[in-house]
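The residues making up each chain are set out below.
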There are 2 protein chains.
Amino acid sequence: MDTETIDSAVLNEEQLSLDLIEAQYALMNTRDQSNAKSLVILVSGIELAGKGEAVKQLREWVDPRFLYVKADPPHLFNLKQPFWQPYTRFVPAEGQIMVWFGNWYGDLLATAMHASKPLDDTLFDEYISNMRAFEQDLKNNNVDVLKVWFDLSWKSLQKRLDDMDPSEVHWHKLHGLDWRNKKQYDTLQKLRTRFTDDWQIIDGEDEDLRNHNFAQAILTALRHCPEHEKKAALKWQQAPIPDILTQFEVPQAEDANYKAELKKLTKQVADAIRCDDRKVVIAFEGMDAAGKGGAIKRIVKKLDPREYEIHTIAAPEKYELRRPYLWRFWSKLQSDDITIFDRTWYGRVLVERIEGFATEVEWQRAYAEINRFEKNLSNSQTVLIKFWLAIDKDEQAVRFKARESTPHKRFKITEEDWRNRDKWDDYLKAAADMFAHTDTGYAPWYIISTNDKQQARIEVLRAILKQLKADRDTD
Amino acid sequence: MDTETIDSAVLNEEQLSLDLIEAQYALMNTRDQSNAKSLVILVSGIELAGKGEAVKQLREWVDPRFLYVKADPPHLFNLKQPFWQPYTRFVPAEGQIMVWFGNWYGDLLATAMHASKPLDDTLFDEYISNMRAFEQDLKNNNVDVLKVWFDLSWKSLQKRLDDMDPSEVHWHKLHGLDWRNKKQYDTLQKLRTRFTDDWQIIDGEDEDLRNHNFAQAILTALRHCPEHEKKAALKWQQAPIPDILTQFEVPQAEDANYKAELKKLTKQVADAIRCDDRKVVIAFEGMDAAGKGGAIKRIVKKLDPREYEIHTIAAPEKYELRRPYLWRFWSKLQSDDITIFDRTWYGRVLVERIEGFATEVEWQRAYAEINRFEKNLSNSQTVLIKFWLAIDKDEQAVRFKARESTPHKRFKITEEDWRNRDKWDDYLKAAADMFAHTDTGYAPWYIISTNDKQQARIEVLRAILKQLKADRDTD
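Here, residues in each chain are numbered from 1, in the same order as that chain's written sequence. Each chain takes a letter, starting from A, and each ligand takes a number, starting from 1, following the order in which they are written. Totals for whole chains, interfaces and linings use every residue, but because this is a predicted model, local features are given only for residues with pLDDT of at least 70 and side-chain atom pairs only at 80 or more, for both listing and counting. Excluded from the side-chain calculation are hydrogens and water; included are all heavy atoms of the structure.

Asks: Describe unusual backbone geometry, with residues and values.
Replies: If you check the backbone angles, Gln-381 of chain A has positive phi at about 55° while not being a glycine. Only DSSP runs of H or I reaching four residues or more are called helices, and only runs of E reaching two or more are called strands; each is numbered from the N terminus. Tracing the backbone shows Gln-381 of chain A in the loop between helix H15 (360-378) and strand S9 (382-390). Take Gln-381 of chain A: its relative accessible area is 32%, and that puts it in the partly exposed class. Of note, Asp-32 of chain B is a non-glycine position whose phi angle comes to about 65°, a positive value. The buried label goes to any residue with under 20% of its type's maximum accessible area, the exposed label to any with over 50%, and the partly exposed label to all in between, with areas taken from a 1.4 Å probe on protein chains only. Taking relative accessible area as the criterion, Asp-32 of chain B reaches 44% and is therefore assigned partly exposed.

Shown next as structure tokens:
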């Protein structure tokens, strides 16, 4: 290059750096705004194509205080967790940029190329399609996703291996495949073309161009303002309200056998859960005072606290609101045993719908998002059991008043509960829609009428036994 | 019991529940106040003494939305992480109550009782003393710690094992020792008496009394208002300011060998770090514009982003401020490779001291807290290398102005940097005190004069090589 060309290259670099920094600050300023966004960059590619160098160069061009780089060597899929599980903890908050050097595609390739048990094409494509659906859900929930593949020809790769210090080759081999094996290289290239059509492909041949193109791709992604639909395209079709939500039988007199039956069932539930090596997730929703706490108490009766986790879900904190609404649930699903939720991700289509915390477009989209989420869990050896505890409106009033007049139960009843009661019909409608759209084969709803508390507890335990058995039979 | 006794027991229970709930709410109301507090309850004890039942009962008496229960089976100590590492992520935020069913004492007992390599008494006692020091640090930083041991006599334990369903015995054995082995039982009791003198001992014999005493202990802990010293007892002895912070040589002309030397050293550093199986933590502090970013860039020059993590530390977020100041660093020390900090936990004794974000008592206490923290890391196969980058005040002004006049570097300089510059002498004094109190054999400070940028980068790399070698030689 002559002096002039060099000068202009330097100028371009400085301009790119400036543009990136400005775009970073603009991104940060979207925090808590209606156009809020974060950006996650999935980086994968051929070894020695210069991914690492490009990320390092990027770090020098941007304000490094606001660029997070997470790097993992690829790990083989674990059948007991969805592909997104190792990563969701690092989903960036509004305003943040995160580079995932190592991501679910890297894991998929590693799993597919694994010598002892390669994946067949059908399963591979199914993973791709699940990953894309998950990324679309992220995008819809304000996490923009940019995917960058660093490519390198076989010839250049061999040349770079030749030129390398042998001590480093050793290390590089640790992170991947045998890059001297042409057949493996070809297989990898063939596999990756099954998913990289929506990726930015960066040629690793020329270092400067590579770094520049990578940064430019990020700049474009930062500047991209996703258009979020503000209004639903179609008028919403309200589902009919099931009779079980409105028609209640008069509670029976105490059944003489109740205690014995309860004891038997709590023991059976504990045994069934213990001898099941799948994860179990039990989710409770329902009207206030319908007895969620009491039902949970009976489920864990014969279990030890080391065998379960109970999450009582309240309104999200600010740092949670800056991420997709499922984020705070993803992180609560790490346990290998039983996880019980007292209120759940269905808040999106219940309280958030009714109170207007989610837009019409958002809550209407959430049914499919939640179904995908639950399907992912179900495919990862997780049994999902969802309960809606139904109660008669008059009976609720009786229980509210009883709580108010019992000092140590008064905390269970607040002004907000009475306000929610005023929206009784809205909750019935939201529940009806929820059943219509999320009662799936892999995660069915059990609607339990709780006017008769004792009967309800028995039914909850029986439902758990039934679902554990049903899922096992179809496995 | 006659009817009257039963009634009075029920009344007492209701009163206890009410008291607990009120204490919970009072705790929550301390959030963000000067008397803010959280409570962590360590639960350990003999199997079948009823720990699980007592925790379950507690959950029924309190408002379960604000009680977090974390339960882990004991795990053996991992020599590469401090005993607190698996737990710190769960240190409660102000206003929260957390029960740790399974904790570092359980891990210690499991490790000590482990058949193949039991711990000797000296090491055991050293762990105890480290644990107590760590708990005291938690308490000083507003996390109150209550320790509860559930005890049970050998005779009662055997009786309960006899009465158990055999299927459950199997499960219980999983979580611990062979509870049919009297010798093991005796060893365990002997070991635990080495540390339980500051524990609440709860006799597991009588179920009701056990649950009541456990809840009562928690109530007392909740009501306990730790007295935090507001004023330091003694006048602070300011350390003399080392010459290296104030006396600078004139930068030399560019050394013709600089590039070759830099290249050689970056390669040596990468090799040394790679072939070292310890963790490496590199911490940077120093005046603004002293070249932290540039030094970090050279350290990682020959490394791949999958081999290191860089954390650029900014002001803490609100959810971080609700926990001990070390909390946000604990969670950033999980990596097995190299972790680099651009600004560190020393913010406590630098900016927080100078700006008054930490009280006099707090920053003066922090030196010992930080030393313990670093000692724990150092004892866990972690090499700590700490840099202070020093710069001449005039040279800083030159660099500030250069930043201001370079568009893509302008983000590096803000009003705040100029304000900090006005406090130059305060920072010198704080740095001098920091060296005086935290320059330890296991985590020494390297003070690097950076007026000559090139020389400084060379010195940083050499210091890393030196420290890696020094630590290895003493291991």
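Asks: Which residues make up the interface of chain A and chain B, and what values go with them?
Replies: In this description, contact between two residues means that some pair of their heavy atoms is separated by no more than 4.5 Å. Taken together, the contact pairs 49 residues of chain A with 49 residues of chain B. Note on terms: buried area is the combined drop in 1.4 Å-probe accessible area of two parts once they are placed together, counting the loss on both. Between chain A and chain B lies a buried interface of about 4300 Å² when both sides are counted; carbon and sulfur atoms form 59% of it. By definition, a salt bridge exists where a carboxyl oxygen of Asp or Glu is found within 4 Å of a side-chain nitrogen of Lys or Arg. Summed over the shared surface of chain A and chain B, the result is 4 salt bridges. Notably, a salt bridge pairs Glu-60 of chain B with Lys-297 of chain A, separated by 3.0 Å at the nearest N-O pair.

Asks: Describe in detail the pattern of salt bridges, supporting the description with residues and values.
Replies: Residues and elements named next belong to chain B. On inspection of all chains with the given rule, the structure shows 72 salt bridges over all chains. With its nearest N and O atoms 2.6 Å apart, the salt bridge here joins Arg-278 to Asp-276. Relative accessible area serves as the criterion here: at 8%, Arg-278 is assigned to the buried category. On the basis of relative accessible area, Asp-276 is assigned to the buried category, the value being 7%.

Asks: Which residues make up the packing of aromatic side chains, and what values go with them?
Replies: All names here are of chain A. The rule is short: rings of Phe, Tyr and Trp, with Trp giving its six-membered ring, pair when the centres are within 6.5 Å, and they are stacked under 30 degrees, edge-to-face over 60, tilted in between. Tallying each qualifying case throughout the model produces 71 aromatic pairs over all chains. Each ring, one from Tyr-87 and one from Trp-100, has its centre 5.6 Å from the other, and the planes form 35°; the classification is tilted. Here Tyr-87, found in helix H3 (residues 85-88), pairs with Trp-100, found in strand S3 (residues 97-101); they are 13 residues apart in sequence, far enough to count as distant. In terms of burial, Tyr-87 and Trp-100 fall into one category: buried. On the numbers, 6.3 Å between centres and 35° between planes, the contact of Trp-345 with Tyr-346 is tilted. Neither Trp-345 nor Tyr-346 differs from the other in exposure class; each is buried. Against the face of Phe-90 rests Lys-70, its NZ or CZ located 3.9 Å from the ring centre. Ring-over charges, as used throughout, are those where CZ of Arg or NZ of Lys falls within 6 Å of the ring centre and within 35 degrees of the ring normal.

Asks: Can you tell me about the relation of the copies chain A and chain B, naming the residues and giving the values?
Replies: Once chain A has been moved 0.0 Å along the axis and rotated by 180°, it coincides with chain B to within an RMSD of 0.0 Å. Classification of the inter-copy transformation places it as that of a two-fold axis. When C-alpha positions in chain A are compared against the rotation axis, the closest is assigned to Tyr-319 of chain A, at 4.0 Å. An overlap of 100% is found between the interface residues of chain A and their copies at the interface of chain B, pointing to a shared contact surface. Least squares is used to superpose the copies, and the fit set is the C-alpha atoms of residues whose pLDDT is at least 70 in both copies.

Asks: Break down the pairing of strand S4 (residues 143-151) of chain A for me, citing the residues and quoting the values.
Replies: Residue and element names in this part refer to chain A. Burial analysis of S4 places 9 of its 9 residues in the buried class, the great majority of the element. Any two strands with at least two DSSP bridges between them are considered paired. Of the strand pairs in this sheet, strand S1 (residues 38-45) and S4 are connected by 8 bridges, and their pairing is parallel. Considered in S4, the bridge of Leu-39 is made with Asp-144. Pairing geometry for S4 and strand S5 (residues 200-203), over 4 bridges, is parallel. Of the residues in S5, the one forming a bridge with Phe-150 is Ile-202.

Asks: I'd like a description of the environment of Ala-470 of chain B, backed by residues and values.
Replies: Note on placement: Ala-470 of chain B falls in helix H19 (residues 453-474). With a relative accessible area of 32%, Ala-470 of chain B lands in the partly exposed category.

Asks: A description of a negative patch on the surface should follow, citing residues and the corresponding values.
Replies: All names here are of chain A. Only residues whose relative accessible area exceeds 30% and that take part in no salt bridge are eligible for patches, with like-charged residues grouped when within 9 Å of each other and nonpolar side chains (Val, Leu, Ile, Met, Phe, Trp, Tyr) grouped when within 5 Å. For the area figures, the Shrake-Rupley method with a 1.4 Å probe applies, and any residue is considered shielded solely by the protein chains shown. Residues scored as positive are Lys and Arg, those scored as negative are Asp and Glu, and His as well as the terminal groups of each chain are ignored. The atom standing in for a charge is NZ when the residue is Lys, CZ when it is Arg, CG when it is Asp and CD when it is Glu. Taken together, the side chains of Glu-13, Glu-14, Asp-203, Glu-205, Asp-206, Glu-207 and Asp-208 define an acidic patch exposed on the protein surface. Elements that contribute at least two residues to the negative patch include exactly helix H1 (3-28) and helix H9 (207-223). Within the secondary structure, Glu-13 is located in helix H1.

Asks: Before we move on, can you summarise the side chain of Gln-96 of chain B with the specific residues and values?
Replies: Residue and element names in this part refer to chain B. As for its position among the elements, Gln-96 is in the loop between helix H3 (85-88) and strand S3 (97-101). Note on Gln-96: relative accessible area 16%, which makes it buried. The contact partners of Gln-96, leaving out residues within four places of it in the chain, are Leu-27, Ser-38, Leu-39, Tyr-68 and Arg-323.

Asks: How would you sum up the pairing of strand S7 (residues 308-312) of chain A? Please name residues and give values.
Replies: Residue and element names in this part refer to chain A. Of all the 5 residues making up S7, 4 are buried; the element is thus mostly covered by neighbouring parts of the structure. Two strands pair when backbone bridges link them, and S7 and strand S8 (residues 338-342) are joined in this way by 5 bridges, in the parallel orientation. Note on S8: the bridge partner recorded for Ile-310 is Ile-340.

Asks: An account of the packing of helix H4 (residues 104-113) of chain A against helix H8 (residues 182-192) of chain A is requested, with residue identities and associated values reported.
Replies: Residues and elements named next belong to chain A. The geometry of H4 relative to H8 is characterised by a closest axis approach of 11 Å and an angle of 130° between their N-to-C directions. Relative to H8, H4 is oriented oblique. Along this stretch, H4 crosses H8, giving a crossing that reads as right-handed. Across from Leu-109, Ala-112 and Met-113 in H4, the residues of H8 making contact are Gln-184, Thr-187, Leu-188, Leu-191 and Arg-192. By residue class, the composition of the contact of H4 with H8 is 5 nonpolar, 2 polar and 1 charged. Comment: axis = line fitted to C-alpha atoms, over the contacting stretch for helices; angle = value between 0 and 180 degrees taken between N-to-C directions. Angle categories: roughly parallel below 35 degrees, roughly antiparallel above 145, roughly perpendicular from 65 to 115, and oblique for all the rest. Each crossing is labelled by how the near helix is turned from the far one, with a counterclockwise turn of less than a right angle marking it left-handed and a clockwise turn marking it right-handed. Basically, the charged four are Asp, Glu, Lys and Arg, the nonpolar ten are Ala, Val, Leu, Ile, Met, Phe, Trp, Tyr, Cys and Pro, and anything else, Gly included, counts as polar.

Asks: Tell me what's going on with the side chain of Asp-288 of chain A, and back it up with residues and numbers.
Replies: Residues and elements named next belong to chain A. By the element assignment, Asp-288 lies in the loop between strand S6 (279-286) and helix H11 (292-299). A relative accessible area of 15% means that Asp-288 is categorised as buried. At a separation of 2.9 Å, a polar atom in the side chain of Asp-288 contacts the side chain of Arg-343. Aside from chain neighbours lying at most four places away, what touches Asp-288 is Arg-343, Ile-391, Gln-396, Phe-400, Asp-417 and Asn-420. Polar contacts here mean pairs of N or O atoms no more than 3.5 Å apart (in protein, one a potential hydrogen donor and the other a potential acceptor; neighbouring residues in sequence count only if both atoms are side-chain atoms).

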